[in-house]
Amino acid sequence: MRDPISFLRQEYDDLVRQELDWKLRILGGPSTPWCLVDGKRVLMFCSNNYLGLSNHPKLKEAAKYAIDTHGAGSGSVRPIAGTMDLHMELEQRLARFKGAEASLVFQTGFAANAGLIPQLAGKGDVIVSDELNHGSIIDGVRLSLAERRVYKHADPEDLTRVLDEVDKASPQFRRILIITDGVFSMDGDVAPLDKIASLGAEHGAMVYVDDAHGEGVLGEGGRGIVSHFRLPRDKVQVEMGTFSKAFGVVGGHVSGSRDLVNFAYNKSRTWTLSGSHPPAVVAACIAAVDVLEHEPQHVKKLWDNTSYFKKAMTDLGFDIGKSTTPITPVMVGESGKAKRLSARLYETGVLALPIVYPMVAQGKARIRTIMNAALTKEDLDFAIGAFETAGKELGIIQGQA
Ligand SMILES: Cc1ncc(COP(=O)(O)O)c(C=O)c1O
């Protein structure tokens, strides 16, 4: 007799045995530099809330006010009866901020990738993707009927090789879609988008960048990777992002031409078939754009903190990989050691989580730290001291613990 449910427990137990299950840490309050995690007061060193906006008074006020004026929910999916004036205002504000013709807001970044990618390339097309692209891109590509080609991570030469092969195979292929993360979240390196955009133009391909970790961080006033490389807007046809990281709220978005947005909102199934953001979320996102436009100090502080931390960690002898962004991996190597380092840091009052196989290759385990603009110099010194003590204890850096 078939047992329909025993796999649930078996597979979970397997994950626990291999120590691959997620152990949830519970925040007992807002995500602030010092916060309560599992009842202990610790320094937050791994949140995506880069600019501390999730707790910014303007965002909180905007969210509260929108509940009074527009209610708790939107009532529907966007195309039926779930588009409020606030949704339209957010899209206009975002397009202006990005210097794009138009923007479209999705419920999450994942929903944007999963809903739009399969529509941009289908049967008879080819998608060319960086080997380290985010899981939401991978799933978006899987939902597409297009063929998939993968190029070596952030390697324009290998991308050229793949595009040449694709060209040789044409006119078999109708359209080519190149997709890359902007900032790669495991290593903190930046995609060579200038070169990718030139190759896209050379081969008649559409270029799609997922700038989830670049916006609010890179470019003029945090406008993102397209601004960082000063690329003409028509060279990168789809600039995708999320409100869940530096913007401090939640929600995905794409920016580009009016044609792109008209196409996207009519075709993306995650957009047409799933409820729209509640007013409080939309209002907080508008306030976040406003803060980025009017309070440049947050992005500046983020970078000042990043330079200070990277220098101190390098001086102590830590290997911090090849990051050029506020994501700083502290390379450890062996998974068990990375977990022990994270546990020691938590004991001393710093929350920084280990990234281990299979999230990264065997032997490349690390602690992934993410800088935050709201941290003070004293906070940074505290964290650096905790890393120094634990790093010496575990023999990751030289010296007496
Ligand atoms: C590169 C990248 N793309 C997309 C997403 C998904 O964004 P969201 O949290 O808005 O669903 C993430 C979040 O982890 C990400 O890192």
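Note that the coordinates shown come from a computational prediction; the quantities given were computed from them, not determined experimentally.

Caption draft 1: Representation of the layout of surface pockets. By volume, the second largest pocket is sized at about 180 Å³. As for the second largest pocket, its lining consists of 13 residues, and the residues nearest its centre are Met88, Glu91, Ser103, Arg258 and Val261. Where the lining of the second largest pocket is concerned, the elements lending two or more residues are α3 (85-98), β3 (102-106) and α9 (258-267). For the lining of the second largest pocket, the leading source of residues is α3, giving 4 residues. Classifying every residue of the lining of the second largest pocket gives 7 nonpolar, 2 polar and 4 charged.

Caption draft 2: Quick peek at the sheet that holds strand β1 (residues 34-37). In space, the 3 strands of this open sheet follow the order β1-β2-β11, with mixed pairing throughout. Either end of the sheet is taken by a strand with one partner, and the two such strands are β1 and β11 (350-351). Here 4 bridges tie β1 to strand β2 (residues 40-44), and the two strands are oriented antiparallel to one another. In the strand pairing of β2, Cys35 is matched with Val42.

Caption draft 3: Summary view of unusual backbone geometry. Here the bond from Ser170 into Pro171 is cis, since omega is 10°, no more than 30 degrees from zero. Considering the arrangement of structural elements, one finds Pro171 in the loop between α6 (156-169) and β6 (176-181). The linkage connecting Tyr357 with the following residue, Pro358, adopts the cis geometry, with an omega of 10°. For Pro358, the location among the structural elements is in the loop between β12 (354-355) and β13 (365-370). Located in the positive-phi region is Glu19, a residue other than glycine, with phi close to 55°. With respect to the helices, strands and loops of the structure, Glu19 is situated in the loop between α1 (6-17) and β1. When its relative accessible area of 47% is taken as the criterion, Glu19 is described as partly exposed. In the Ramachandran plot, Arg230 falls in the positive-phi region, its phi being about 50° despite a non-glycine side chain. By secondary structure assignment, the location of Arg230 is in the loop between α8 (225-228) and β8 (238-242).

Caption draft 4: Fine view of the pattern of salt bridges. For the structure shown, the criterion picks out 25 salt bridges. Note that Asp304 is salt-bridged to Lys300, the shortest N-O span being 2.8 Å. Residue Asp304 and its partner Lys300 are both found in helix α12 (residues 297-316); the two are separated by 4 residues, about one turn of the helix. Exposure remark for Asp304: the relative accessible area of 40% places this residue in the partly exposed category. On the accessibility criterion, Lys300 (54% relative accessible area) is exposed. Of the charged contacts, one joins Lys311 and Asp315 as a salt bridge, the two residues approaching to 2.6 Å between their closest N and O atoms.

Caption draft 5: Representation of the side chain of Asp189 in the model. Relative to the assigned elements, Asp189 resides in the loop between β6 and α7 (193-203). Despite its burial, Asp189 pairs with no opposite charge, the nearest such side chain being Lys322 at 4.1 Å. Filtering out sequence-adjacent residues up to four positions away, Asp189 remains in contact with His153, Gly182, Val183, Phe184, Lys322 and Ser323.

Caption draft 6: View of the side chain of His153. Tracing the sequence through the fold places His153 in the loop between β5 (147-151) and α6. By relative accessible area, which is 14% here, His153 ends up buried. At 3.0 Å, the side chain of His153 forms a polar contact with the side chain of Asp130.

Caption draft 7: Local environment of the sheet that holds strand β9 (residues 252-256). If you walk across this open sheet you meet the 7 strands as β3-β9-β8-β7-β6-β4-β5, and the pairing is mixed. The open sheet terminates on both sides in strands that have one partner only, identified here as β3 and β5. Here the average twist between neighbouring strands, direction ignored, is 20°. Of the pairings in the sheet, the one linking strand β4 (residues 126-130) to β6 comprises 4 bridges and is parallel in character. Bridging across to β6, Val128 finds its partner in Ile178.

The rules behind each value
- Residues numbered from 1 in each chain as written.
- Predicted model: local features only at pLDDT ≥ 70, side-chain atom pairs only at ≥ 80, totals over all residues.
- Heavy atoms only, no water.
- 1 Å grid on protein atoms, 1.4 Å probe; cavity = no way out; pocket = protein on both sides within 12 Å on 5 of 7 lines; lining within 4 Å.
- Points joined across faces, edges and corners; volume = space filled by probe spheres on them.
- Helix = DSSP H or I, 4+ residues; strand = E, 2+ residues; numbered from the N terminus.
- Nonpolar A, V, L, I, M, F, W, Y, C, P; charged D, E, K, R; others polar.
- Pairing = 2+ DSSP bridges.
- Buried < 20%, exposed > 50% of the residue type's maximum accessible area, 1.4 Å probe, protein only.
- Salt bridge = Lys/Arg side-chain N within 4 Å of Asp/Glu carboxyl O.
- Lys, Arg positive; Asp, Glu negative; His and termini not counted.
- Contact = heavy atoms within 4.5 Å.
- Polar contact = N/O pair within 3.5 Å; in protein donor to acceptor, adjacent residues only side chain to side chain.
- Axes fitted to C-alpha atoms, helices over the stretch in contact; angles between N-to-C directions.

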